[in-house]
Amino acid sequence: MEDDKVSLTDSQKKARRGRSVAIALALVAFVVIIYVVTIVKMGPTILDRPM
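The rules behind each value
For every chain, the first residue of its written sequence is number 1, and the numbers climb from 1 along that sequence. Totals for whole chains, interfaces and linings use every residue, but because this is a predicted model, local features are given only for residues with pLDDT of at least 70 and side-chain atom pairs only at 80 or more, for both listing and counting. Hydrogens and water are ignored here; the side-chain numbers use all heavy atoms of the structure. We count a stretch as a helix when DSSP gives it H or I for four or more residues in a row; a strand needs E for two or more, and each element gets its number in order from the N terminus. Working rule for helices: expected span equals 1.5 Å times residues minus one. Three labels apply to residues, based on accessible area from a 1.4 Å probe with only protein chains included: buried if under 20% of the type maximum, exposed if over 50%, partly exposed otherwise in between. Between N or O atoms, a polar contact is any pair within 3.5 Å; within protein, one atom must be a potential hydrogen donor and the other a potential acceptor, and residues adjacent in sequence are included only when both atoms are from side chains. For patches, a residue must show more than 30% relative accessible area and have no salt bridge; joins then use 9 Å for like charges and 5 Å for nonpolar side chains, namely Val, Leu, Ile, Met, Phe, Trp and Tyr. For the accessible areas, the method is Shrake-Rupley and the probe is 1.4 Å, while residue cover comes only from the protein chains on display. For salt bridges, the criterion is a side-chain nitrogen of Lys or Arg within 4 Å of an Asp or Glu carboxyl oxygen.

The name given to the protein in an unreviewed UniProt entry is CoxF protein, and the organism recorded there is Neoaquamicrobium sediminum.

A. A look at helix H1 (residues 10-42). An ideal rise of 1.5 Å per residue puts 48 Å on 33 residues; H1 measures up with 48 Å between its terminal C-alpha atoms. Looking at the residues trailing H1, positive phi occurs at glycine 43, about 90°.

B. Region of interest: the environment of threonine 9. Residue position: threonine 9 is located in the segment before H1. Judged by relative accessible area, threonine 9 falls into the partly exposed class, the value being 41%. Separated by 33 residues in the primary sequence, threonine 9 and methionine 42 place their C-alpha atoms 50 Å from one another. Within the structure, the side chain of threonine 9 is placed 3.2 Å from the side chain of serine 11, a separation counted as a polar contact.

C. Representation of a nonpolar patch on the surface. A cluster of nonpolar side chains, Val28, Val32, Tyr35, Val36, Ile39 and Val40, forms an exposed patch at the surface whose accessible area comes to about 570 Å². One can find valine 36 in helix H1.

Listed below in structure tokens is the structure:
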């Protein structure tokens, strides 16, 4: 069986890395937004309740 791998050019590798970084930043931003919205909806008294 022959080697059927695709070799990427340097510009393609750079573009792939850029997309990966953009996706990672978007995911982190989404998690932070969900966390902040959750804390805001629960209110500041969330830290005062008994355990």
